[in-house]
Structures are given as C-alpha cells and as structure tokens.
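# Fold and contact review
Below, each chain spelled out in residue letters.
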Amino acid sequence: MATNTIPMGQYLFHRIKQLGVEHILGVPGDFNLTLLDEIYNVPGLKWIGCCNELNGAYAADGYTRIRGIPGALITTYAVGELSAMNGVAGAYAEQAGMIHIVGMPARSHQRNKTMLHHTMEPRMDQSIYIQMAAPIRKDYAFLMEDATMAEDIDRVIVSCVKSRLPVYIYVPADVVGVKLDASRLDMPLDLTIRNPDTTVEDKIVNSILSLIEKASKPIILGDVLAIRHGGLQLTKKLAELTHFPSYSTPLSHGIIDESKDYYNGVYNGQVSFPGVAEGVEGSDLVLNIGPLLSDSNTGGFTRYIKDEHLVRLGHDFVQVKGEKYDGFHFLPILSRLVEKLEASPQQYNLPRPLPGPKLEIPVLLDLKSGELKQDYVWQRLSRFLKDGDILLAESGTSQFGMPDIAFAPNTQYITQMFWSSIGFTVGACLGALVAAKEQNHTGRVILLVGEGSLQMTVQEIGTYIRYGFKPIIFVVNNDGYAIERAIHGPHQGYNDVSMLWDHQKMLEFFGAREDTGIKAKSRTAKTVEELEAVLNDEAFASGDILQLCEIFLGKYDYPWRLSRQIEIATERIIKGEMPPHSQG
C-alpha cells in the first residue's frame, strides 16, 4: 500500500499551523516564492506581507509576545535573512522566539558554488549566512537531505517552543515539493516542559512550600521571563491565592492585576517609587519568578535582594536560598506550588492578611493647564487605559515613563528595554495586531513611539492600513533622540533628526483617505488642555477607526527614571566601580 505523502512546503506549514498560528509574516524574494505558494494550500493559513525584513522580524517578535506561540517569518536568502538579523537578535535577547524560514538557492547551485546574485564572491560557500546566524538562534534545520527533512522540521519547532528562542529553517528552492510522510502530521509534537529529575523537583517544591509556611514577610516579584515562558496565569494565580504583596518590574509591568490590594508597584532597585524597594528588599522570602537582570530592569544594577531570602524561579535554573539547581525550569515547579497551595490554604495561612495599606502611585505633576511635561503625560495616560488593552512603548522616553502609570486589568504590555532597538515597536505593533485578530481580541492596541524611532520603521504603518488594522498611535515629538540627549551630547547635532516630517499627513500618505474609503483621524496636543480634549474624546478612545495623536514635549524634558538611572551609572563610572556580577 502506497504511503500517503505531502509536499515538504505543506508539511512545514501544517506543523506551524498546529501550534495555533494563522498568519505567516515576511517578504517575498526569488528564492522563497515557490515556498510561499504552499501557504495558500494550507486551509486557515494566511500571508501578511511586510515592508522589509527587519520590520517583519519585529512583527514576528510582537506576535510571539501576545500569542505566546512562535511567530513565523519568511525571508529570502542573504539580503533578506541578513536584514532581519537585528530583529531576530532582539527576540533572542528578550526570549520571544520565532521560527525564521529562509528560502535558499537550489541544492545543485549550492553544491556547484554557482556565482548567483546574493553571493559575495566566486566559489563562495552558500551556507555562509547560516554560520552568521549561529549566535542568535537556539537551533536550526538545513533541509538538504530528503530522508531527514520531516524529522528536522519537527525538531526545531519543538526546540523553539520549549526554549522560547528563535530557530531557523533553511529551505533550498528545489526541496519545496519533496514528498514527505503525511502520517507524521497525525502525531502531535511533544511540547511539554519537563525537568530532568522528578526526585530533585520534589525536593525543590517541598523546600519552597516550607519556606512559604514559615515566612513572616513573603512577597512575589514577577518578572518578564515568567510571561515569556508561559507562566503569566500561574503567577497571577499565585498572587491571588496568597495575597502576598506583589510587584512587577519595568519589563513585566502588568504581570499582576494592578487593581488588586496586594499589588505594590514596579520594583526597579533604587529607581522605584518610595516604599517599593523597601518592601521587596525587606522581605524574608522573595518569590522571584522569571527574572531578567539587565541594567534597565534593575535600576542600573541597584537590585539588592539577599540570597538567604531569595527563591529564584528561572527557565534555566532554580535557586532556593543558596542552593542552585541547574537545568531546572520554573514552569512545572510553579504549577505544582499553585496546586499544593490551592489544595491546603489553611496549612499555609492563605490568603495572608496584607501587612499594610497598598502602596499608591504618587502624583508626579498635577498640571491643570500650560505646556505638556513628561511627568504629567505618562501618568495622565493611566486614566486613558482600559481593561484588555495591548500597549506598546518604544525604546526611549516612552518606556521610561511607563513604570509611572497604573495599568488597567488584563493589560498586555510590549517594550524592548533589554535589547532596546529603536523603531522596534512599529513593527512589533503589526505582529500584536495580527495576534489580536487571531484571538478575536476586543481590546484596543495602543502604540507609543517617539518621532525619532518612528523614522526608522515608519513604513509598516502602511501595512496596518493595508490589512485593515486600527491601532491608536501616539507620536511623542520631542525634537530628536531624547534618550541619547539625556545620556550624552544634549546639544550635539548627532542627536537631531529631521523635523520636516508632517505626522498629521502620515496616515493619509499611507492610504487612509477618502478615495480609499479608509477612515482615520490625526490630532495634535501641545498643551494640557489639548491633550485632555483628545483623551476625553469618546470617538478617539473607542478605537473604531485608525487614530493618531502627536504629543509635543520639551527637547530636554526627560522622565525622572531615565535621569536617575543615568545618574547612578555616572556615579559608578566616576568612582571606578563595576556593577555587581549577580543581582540575586
């Protein structure tokens, strides 16, 4: 009896669709065109064309963060894959793993080292670009052998899902139609996270439960890798079960329901609101879930949590006080902890009475009129946010202003404070919009981007319009690269950008105008009164049509957190001090 077969291209896309993916992102090129044809042969799968490969990688990253499953990006050989590399590297750094599929020259051309376009010199090894991507991927498959193609595809997809890091699949043009065993598709991929030793896992769980039982001042510090590695709902549930005072970090803002009495703010070391650092660092048990200990996520390395008070639940190791368990993943452990606490709340005195009143966010600047200021604008946006919003804050003043505000329940937040590639959120917003569409998300998608960052990736706004998306866009116009001015060279010309752009005509230029039938509205706000008029406008807040508000801020006006972190770094340099190697 003949074996049921399927073309390799269809096999690949069926496997991706089995993850829950409904849209493939990318840019066509002559080495991937026959592969792109196969997208249309997989029911329920659609193509989203991006303006360039870098934006496509940003979009795949944003998609991954919202869906919690890998975005899929397709580029062409060399020029396309290399253009995407910065976006893939950011996804690696911040663990928003994507599946990057690269269309390559046919195997015969590769073996003969034909001097094709996109190669660099005669007799070049055409796999050289595969080597270039090595540091920014977890795994890869180079589909040169018919016999192992299906196995290799499955292997790297599993690797991507489990590691939350990017993977690459390299597809020579002549292998798209290679017949693979279709029956493999009936076998689900094993995507379950398991720890290497159940006995040791038992020990870890029991040790943490014992510490919870004995602790007098326990707290929860939920960080961004808890979200990336599938622990968001478990972290929320742990906080709700225990009522331990709970904190987020700048990167994990929104991980805890901020309307709850037990939520106490954003912990960022010495760059925190009064009472926050004291509450975390004065605890006798810090349950730190998914830490990412970069400079901007630790207040310039001013996080001071003693090992004897720390339970660190990471994706690559777990630490219970001074004892470290390499290769153990927090997800099965956290799941078991929640299960045990839920089953025996009385044993652990749960939920605990709160040790004091909730820490309220102080009002930084209570303006009633006049020109806009950073410390006013970000906190004013708190009252604009609604339950279920997806919020993107660009690298720069936007992301340093975000910790000052209170998020509505179920806010999903995207920022790239670790990798910090300016322009990221414009592409990531496309991915977030696609992800929201797949989930039938009824909340708004809100983009906050500086005019300097916008100039890096602005063309992808045309893609929003092309596919009928309706985000609310705030362009923060402060006459150049404000974050760079704050760091160095406030009056230097290299921190200037073109101020000749007319953002009020941008949506029209990209296609939202009367002759296309696509509605949009653009506004400006230079004063408190003008911003209030925009934010209080129900039509603007509804998100029913594409909206843009350009907010004008002072050239040398910076969020206090940015200024404070720069002060800390400068003081350390003057003293000749190095930041601590480990922050708990």
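Criteria and thresholds
Residues numbered from 1 in each chain as written. Predicted model: local features only at pLDDT ≥ 70, side-chain atom pairs only at ≥ 80, totals over all residues. Heavy atoms only, no water. Helix = DSSP H or I, 4+ residues; strand = E, 2+ residues; numbered from the N terminus. Rg over C-alpha atoms; globule rule 2.2 N^0.38 Å. Buried < 20%, exposed > 50% of the residue type's maximum accessible area, 1.4 Å probe, protein only. Contact = heavy atoms within 4.5 Å. Lys, Arg positive; Asp, Glu negative; His and termini not counted. Charge placed at Lys NZ, Arg CZ, Asp CG, Glu CD. Pairing = 2+ DSSP bridges. Axes fitted to C-alpha atoms, helices over the stretch in contact; angles between N-to-C directions. UniProt positions renumbered as here; feature names shortened; annotations may be inferred. Salt bridge = Lys/Arg side-chain N within 4 Å of Asp/Glu carboxyl O. Parallel < 35°, antiparallel > 145°, perpendicular 65-115°, else oblique. Left-handed = near helix turned anticlockwise from the far one by under 90°. Nonpolar A, V, L, I, M, F, W, Y, C, P; charged D, E, K, R; others polar.

A separate point is the overall build of the protein. A count of helical and extended segments in the protein gives 22 helices and 21 strands. In summary, the protein has a C-alpha radius of gyration of 25 Å against a globular reference of 25 Å for 584 residues, a match within 12%. Structurally, the protein occupies a C-alpha span of about 70 × 65 × 50 Å along its principal axes. For the protein, buried positions account for 58% of its 584 residues. Long-range pairs, those at least 24 residues apart, make up 75% of the contacts in the protein with a sequence separation of at least 6. Treating the 54 positive side-chain charges of the protein as one cloud and the 69 negative ones as another, the clouds have centres 2 Å apart.

Quick look at the side chain of Thr397 now. Mapped onto the secondary structure, Thr397 falls in helix α14 (residues 397–401). With residues near it in sequence (within four places) discarded, Thr397 still touches Gln374, Trp378, Val476, Asn478, Ala482 and Pro559.

An order of β11-β10-β9-β12-β13-β14-β15 is seen for the seven strands of this open sheet, with the pairing classed as mixed. Two strands in the sheet have a free side with no partner beyond their single neighbour: β11 (263–266) and β15 (323–326). Sheet twist, expressed as the mean angle between neighbouring strand axes with direction ignored, is 15°. Where strand β9 (residues 218–222) meets strand β10 (residues 246–248), two bridges bridge the pair, whose relative direction is parallel. The partner of Ile220 across the bridge, within β10, is Ser246. Its contacts with the sheet put helix α12 (residues 330–343) on β12 (285–289), β13 (310–313) and β14 (317–320), and the angle it makes with β13 is roughly 120°.

Let's shift gears to the UniProt feature "binding site: Mg(2+)" (unreviewed entry) in the protein. With numbering matched to this structure, UniProt assigns "binding site: Mg(2+)" (unreviewed entry) to Asn478 and Gly480. Its relative accessible area of 3% is what places Asn478 among the buried residues. With near-sequence residues (within four places) excluded, Asn478 lies in contact with Gln374, Thr397, Glu451, Leu553, Gly554 and Lys555. With respect to the helices and strands, Gly480 occurs in the loop between β19 (472–477) and α18 (482–487). Excluding its chain neighbours within four sequence positions, the residues that come into contact with Gly480 are Glu451, Arg485, Asn495, Val497 and Met499.

Secondary-structure assignment places Tyr413 in strand β17 (residues 412–414). Residue Tyr413 is classed as buried on the basis of its relative accessible area of 11%. Once the C-alpha coordinates of Tyr413 and Ile16 are considered, the two residues, 397 residues apart in sequence, prove to be 25 Å apart.

Another point: helix α13 (residues 374–382). Most of α13 is tucked away: eight of the nine residues are buried. Residues of α13 that are buried include every one of Gln374, Tyr376, Val377, Trp378, Gln379, Arg380, Leu381 and Ser382, and no others.

What follows deals with the pattern of salt bridges. On inspection of all chains with the given rule, the structure shows 27 salt bridges. The salt bridge involving Arg65 is made with Asp61; its shortest N-O contact spans 2.4 Å. Here the residue Arg65 and the residue Asp61 both occupy positions in helix α3 (residues 53–67), the gap between them amounting to four residues, near one helical turn. The two residues Arg65 and Asp61 agree in class, both being buried.

Moving on, we come to the packing of α13 against helix α20 (residues 528–535). At a minimum axis distance of 12 Å, the contact between α13 and α20 shows a crossing angle of 20°. Considering the angle they form, α13 stands roughly parallel to α20. As α13 packs across α20, the resulting crossing turns out to be right-handed. Across from Tyr376, Val377, Arg380 and Leu381 in α13, the residues of α20 making contact are Val528, Leu531, Glu532 and Leu535. Among the residues making up the contact of α13 with α20, the classes are represented as six nonpolar, no polar and two charged.

We now examine unusual backbone geometry. Negative phi characterises most residues that are not glycine, and trans characterises most peptide bonds. The peptide bond linking Leu350 to Pro351 adopts the cis configuration, its omega dihedral lying at -10°. Of note, the phi angle at Lys321 is positive, near 55°, even though the residue is not glycine. Here Lys321 lies in the loop between β14 and β15. For Lys321, a relative accessible area of 34% translates into the label partly exposed. The backbone phi angle of Asp479 is positive, close to 60°, even though this residue is not glycine. Looking at where Asp479 falls in the secondary structure, it is placed in the loop between β19 and α18.

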